[in-house]
Amino acid sequence: MSGAITFTVPGEPQGKGRARIGKAGMFTPAKTVAYESLIALAAQQAMAGAELITGPVSLTVQMFHPIRASWSKKKQADALANRVRPTIKCDADNCMKAVCDALNGVAWNDDVQVVDATISKRFSATPCVIVSIIPQDAAGMCLANERTPIVRPSAPSPVRKWIPKAWRKPGFCVSARC
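Everything quoted here is computed from the prediction, not taken from an experiment. (Residues numbered from 1 in each chain as written. Predicted model: local features only at pLDDT ≥ 70, side-chain atom pairs only at ≥ 80, totals over all residues. Heavy atoms only, no water.)

S.K.: Provide a residue-level description of the packing of aromatic side chains, including the pertinent values.
M.R.: As enumerated under the stated definition, the model contains one aromatic pair in all. Between the NZ or CZ atom of Lys75 and the centre of the ring of Trp71, over which it lies, the distance is 4.5 Å. (Phe/Tyr/Trp six-rings, centres within 6.5 Å; stacked < 30°, edge-to-face > 60°. Lys NZ or Arg CZ within 6 Å of the ring centre and 35° of its normal.)

S.K.: So, the pairing of strand β6 (residues 128–135): which residues are in play, and what are the values?
M.R.: Among the eight residues in β6, six count as buried, and that is most of the element. Of the pairings in the sheet, the one linking strand β1 (residues 5–10) to β6 comprises six bridges and is antiparallel in character. Residue pairing in the sheet places Phe7 in a bridge with Val131 of β6. (Buried < 20%, exposed > 50% of the residue type's maximum accessible area, 1.4 Å probe, protein only. Helix = DSSP H or I, 4+ residues; strand = E, 2+ residues; numbered from the N terminus. Pairing = 2+ DSSP bridges.)

S.K.: Explain the environment of Asn109 to me, using residue names and the numbers behind them.
M.R.: Tracing the backbone through its elements, the reader meets Asn109 in the loop between α3 (92–103) and β5 (114–124). C-alpha of Asn109 to C-alpha of Thr54: the two residues are 55 residues apart in sequence and 6.5 Å apart in space. With residues near it in sequence (within four places) discarded, Asn109 still touches Leu52, Ile53, Thr54 and Asn104. (Contact = heavy atoms within 4.5 Å.)

S.K.: Kindly report on the environment of Pro66, identifying the contributing residues and their values.
M.R.: With respect to the secondary-structure elements, Pro66 resides in strand β4 (residues 57–66). C-alpha of Pro66 to C-alpha of Pro13: the two residues are 53 residues apart in sequence and 9.2 Å apart in space. If near-sequence neighbours (up to four positions away) are discounted, Pro66 is found in contact with Glu12, Phe123, Ser124 and Pro127.

Structure follows, in structure tokens:
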């Protein structure tokens, strides 16, 4: 597979729930299983019978949360214009985990293949999650965009001196030159 795969998961974004312990042992909550199945179905439709991706991938997850009906029209308009950002449940990292786990065996062999990831949360009149998977080769080149290299920093940025003095202990290094 050499092209980017993009698909939309309808409905409000949900995070992966914690595994629970019951009488029969550990189990995944039914709500999480249902949401991961919805993600897998959307991915299967986007893959259209293509083979699993075997190399490294970049993953972009865009979460679009519903706007609260109780908000004023001005605040709703601000939310649609990205002047108000969602600092509400679900946690972005838990949604990313649900997406990654749902795509195991559907888009790729295992989620360890994700080498670059981007998550964003926004408000929208239509809640959904938009997922983009971009295969890469071993040299870090995007295979979907005519082999455009991924931008890499030229050198590691130095550690800033904003570390509190209380954290600076003998033997504790606060600069990149240690």
